[in-house]
Amino acid sequence: MQRLGLNQGSYLGERIHASAFLNAFHQLAKAGRWTVESLLTGTGYSLCMAHRPARRQAGMNPRRLYLSSGIHGDEPAGPLALLDLLRSDLFPEDADLWIFPCLNPAGLEAGTRTNPTGIDLNRDYNHRQSAEVRAHLNYLENCPAFDLAIMLHEDWEAAGFYLYELNPDGHPSPASAIVEAVSHVCPIETATLIDGRPCDGSGVIRPATDPLARPDWPEAFWLLQNRCRQSLTLEAPSDFPLATRVAALSAAVLCALQKPNS
Ligand SMILES: [Zn+2]
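Residues numbered from 1 in each chain as written. Predicted model: local features only at pLDDT ≥ 70, side-chain atom pairs only at ≥ 80, totals over all residues. Heavy atoms only, no water.

Student: Before we move on, can you summarise the pattern of salt bridges with the specific residues and values?
Tutor: On inspection of all chains with the given rule, the structure shows 16 salt bridges. Residue glutamate 141 is joined to arginine 128 by a salt bridge in which the shortest nitrogen-to-oxygen separation is 2.9 Å. Here glutamate 141, found in the loop between helix 4 (131-140) and strand 5 (148-155), pairs with arginine 128, found in the loop between helix 3 (105-110) and helix 4; they are 13 residues apart in sequence, far enough to count as distant. Among the residues examined, glutamate 141 registers a relative accessible area of 37% and is labelled partly exposed. Judged by relative accessible area, which is 29%, arginine 128 ranks as partly exposed. Notably, a salt bridge pairs aspartate 216 with arginine 214, separated by 3.0 Å at the nearest N-O pair. (Salt bridge = Lys/Arg side-chain N within 4 Å of Asp/Glu carboxyl O. Helix = DSSP H or I, 4+ residues; strand = E, 2+ residues; numbered from the N terminus. Buried < 20%, exposed > 50% of the residue type's maximum accessible area, 1.4 Å probe, protein only.)

Listed below in structure tokens is the structure:
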């Protein structure tokens, strides 16, 4: 599979309209068993949050799963993958689910990584300078802890799919199974240095994490410190066709959502 060769210095591929996306997500979720909330940001765009409780069975202790995308507005495949999974009704019925399909709606509309005031929201989870992150955290601070968090991203420079895993307590890891699943639909990044971080060529990066040593927290750091001890940040290569990247992220999410073996 060949790269498109469109991305020069930034993402220059296809874009989507945030309002149309959010309307479609909202309508699909409302038609199912989901509760949809609009979290006000004061910016003209609200954050969409969709929650669906597990179908309860006696003696069952459902997993609590968190998914988010669209925190970088120049990464359209993440929101589209979540929309596809919602439309196909592929989220597990036996888990409590919280989905934030677009954390930077104004950025998605403009096709920019940052929000309209130039803040990279995925560096703002410590200092909370943006209205979007404040609205997000205002909601999350009233949520229970999650068993797994999955964040969907894209990388304009990557030659293939890769992911970051934060898992300091050593829970069973779906990372290598995810890479195997994605390899059927999208190239895997085999570089040994990805975005400045060393990688063993497997497409899985397990960064040394000391949130206290890094002030500009991404979403995953706040979750690690406050709500979720295992997270996956999925990165699709955005110089490939949009349909390929959506398929890659959808395959990765479906694999990640499977119950761990132990
Ligand atoms: Zn991103």
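Student: Help me get a handle on helix 4, residues and values and all.
Tutor: Burial analysis of helix 4 places 8 of its 10 residues in the buried class, the great majority of the element. Within helix 4, the full set of buried residues consists of Ala131, Glu132, Val133, Ala135, His136, Leu137, Tyr139 and Leu140. Check the buried side of helix 4 and you find it contacts strand 1 (35-39), strand 2 (47-52), strand 3 (63-69), strand 4 (95-100) and helix 6 (219-226). (Contact = heavy atoms within 4.5 Å.)

Student: Go over the coordination of the zinc ion, please, and point to the residues and values.
Tutor: The zinc ion binds to the protein through His72 (ND1), Glu75 (OE), Glu75 (OE) and His153 (ND1), with metal-donor distances spanning 2.1 to 2.3 Å. Every donor counted, the 4 donor atoms about the zinc ion form angles of 58 to 152° at the centre, which fits irregular coordination. Counting gaps between the donor residues of the zinc ion yields the pattern H-x2-E-x77-H. Here histidine 153 lies in strand 5 and glutamate 75 lies in the loop between strand 3 and helix 2 (77-87), a separation of 78 residues in the sequence. Note on glutamate 75: relative accessible area 6%, which makes it buried. (Donors = N, O, S within 2.8 Å, 3.2 Å for Na, K, Ca; no water. Tetrahedral: all angles 85-135°; square planar, octahedral: opposite > 155°, others 65-115°.)

Student: An account of the side chain of glutamate 75 is requested, with residue identities and associated values reported.
Tutor: For glutamate 75, the side chain forms a polar contact with the main-chain nitrogen of glutamate 154, separated by 3.0 Å. Among residues more than four places away in sequence, those in contact with glutamate 75 are Arg113, His153 and Glu154. (Polar contact = N/O pair within 3.5 Å; in protein donor to acceptor, adjacent residues only side chain to side chain.)

Student: An account of the packing of helix 5 (residues 175-182) against helix 7 (residues 242-257) is requested, with residue identities and associated values reported.
Tutor: Axis separation between helix 5 and helix 7 bottoms out at 9 Å; the angle between their running directions is 145°. By crossing handedness, the relation of helix 5 to helix 7 is classed as right-handed. Across from Ala177, Ile178, Ala181 and Val182 in helix 5, the residues of helix 7 making contact are Ala248, Ala251, Ala252, Cys255 and Ala256. Counted by class, the contact of helix 5 with helix 7 contains 9 nonpolar, no polar and no charged residues. (Axes fitted to C-alpha atoms, helices over the stretch in contact; angles between N-to-C directions. Left-handed = near helix turned anticlockwise from the far one by under 90°. Nonpolar A, V, L, I, M, F, W, Y, C, P; charged D, E, K, R; others polar.)

Student: Tell me about the side chain of asparagine 122, residues and numbers included.
Tutor: As for its placement among the helices and strands, asparagine 122 is situated in the loop between helix 3 and helix 4. Within the structure, asparagine 122 has its side chain in polar contact with the backbone nitrogen of glutamate 219 (distance 2.9 Å). Discounting chain neighbours no more than four positions away, the residues touching asparagine 122 are Ile71, His72, His153, Trp217, Pro218 and Glu219.

Student: I'd like a rundown of the layout of surface pockets, residues and numbers included.
Tutor: Empty space among the atoms becomes apparent when a probe as large as a water molecule is rolled across them. Taken as a whole, the largest pocket encloses approximately 600 Å³ of empty space. Elements with a minimum of two residues in the lining of the largest pocket: strand 5, strand 6 (162-166), helix 6 and strand 10 (231-237). It is strand 5 that contributes the most residues to the lining of the largest pocket, 4 residues altogether. In this structure, the second largest pocket occupies an estimated 410 Å³ of space. Looking at the second largest pocket, it is lined by 18 residues, and the ones nearest its centre are Pro172, Pro174, Gln230, Gln258 and Pro260. Counting residues per element, the ones that place at least two in the lining of the second largest pocket are strand 3 and helix 7. Here the lining of the second largest pocket is composed, by residue class, of 9 nonpolar, 5 polar and 4 charged. (1 Å grid on protein atoms, 1.4 Å probe; cavity = no way out; pocket = protein on both sides within 12 Å on 5 of 7 lines; lining within 4 Å. Points joined across faces, edges and corners; volume = space filled by probe spheres on them.)

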